[in-house]
Amino acid sequence: MKASNYLAISISIILALSIMFAILFVKDIGIKDIHGNFNIPENDLQCGTEWIVMVNDHVDFATFEKLLRSEISEFGHPYDVSQRNITLVDLGDSRVHITIEGLWEINPDRPNLKTSIVEIDHVEQIEESEGGSVSAWCQ
């Protein structure tokens, strides 16, 4: 065998091993915790969480956004992100669609934004839909 064949085979093997290690490494970084559960940080502003809530009367959206930001600020410094985008859309019939940047898991050791939203004076309830009361996404 010529030296060029050994070189080509060596490069192919190194490239294949590099790709395998890269896939394994990228697959597990920042996605799962030590227990194998998915763990995406709430403050990832490339993600968002949505709810549809029933309100008991007409709510001024500027005031409602301030109330939401106040609830989030009570979770502490890591969650109090001033540039976090909050979008409120009036759906009519006393229904408001809320979109908040970040993911909000319902775990005992994490802030529960769903509970905080229900505790706001103007909110009667969070609507349940086929998939549950919360919709989450990432870009």
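Reference entry: report on the structure contained in this document. Since we're looking at a predicted model, the values are computed, not measured. (Residues numbered from 1 in each chain as written. Predicted model: local features only at pLDDT ≥ 70, side-chain atom pairs only at ≥ 80, totals over all residues. Heavy atoms only, no water.)

1. A closer look at the side chain of threonine 99
Convention followed: Strands are runs of DSSP state E lasting at least 2 residues, helices are runs of H or I lasting at least 4, and numbering of each runs from the N terminus. Relative accessible area decides the class of each residue, using a 1.4 Å probe on protein chains only: under 20% of the type maximum gives buried, over 50% gives exposed, and in between gives partly exposed. Contacts are assigned to residue pairs that have any heavy atoms within 4.5 Å of one another.
Along the polypeptide, threonine 99 turns up in strand S3 (residues 95–101). Accessibility expressed as a relative area gives 16% for threonine 99, which makes it buried. Not counting residues within four places of it along the chain, the set of residues in contact with threonine 99 comprises Thr49, Glu50, Asn85, Ile86, Thr87 and Trp137.

2. Some words on the packing of aromatic side chains
Rule in force here: Any Phe, Tyr or Trp ring, taking Trp's six-membered ring, that has another such ring centre within 6.5 Å forms a pair; planes under 30 degrees apart are called stacked, those over 60 apart edge-to-face, and the others tilted.
Under the counting rule described, the total for this entry stands at 1 aromatic pair. Aromatic pair phenylalanine 75 and tyrosine 79: ring centres 6.1 Å apart, planes at 80 degrees, arrangement edge-to-face.

3. Here we look at the pattern of salt bridges
Cut-off, in case you're wondering: A carboxyl oxygen of Asp or Glu within 4 Å of a side-chain nitrogen of Lys or Arg is what we treat as a salt bridge.
This model, assessed by the stated rule, comprises 3 salt bridges. A salt bridge links glutamate 65 to arginine 69, with the nearest nitrogen and oxygen atoms 3.1 Å apart. Of this pair, glutamate 65 and arginine 69 both sit in helix H2 (residues 61–73), 4 residues apart, roughly one helical turn. Given the relative accessible area of 25%, glutamate 65 is considered partly exposed.

4. Brief notes about unusual backbone geometry
Despite not being glycine, aspartate 93 has its phi angle at roughly 55 degrees, a positive value. Tracing the backbone shows aspartate 93 in the loop between strand S2 (86–92) and S3. The phi angle at serine 94 is positive, at roughly 60 degrees, despite the residue not being glycine. Considering the arrangement of structural elements, one finds serine 94 in the loop between S2 and S3. For serine 94, a relative accessible area of 37% puts it in the partly exposed group.

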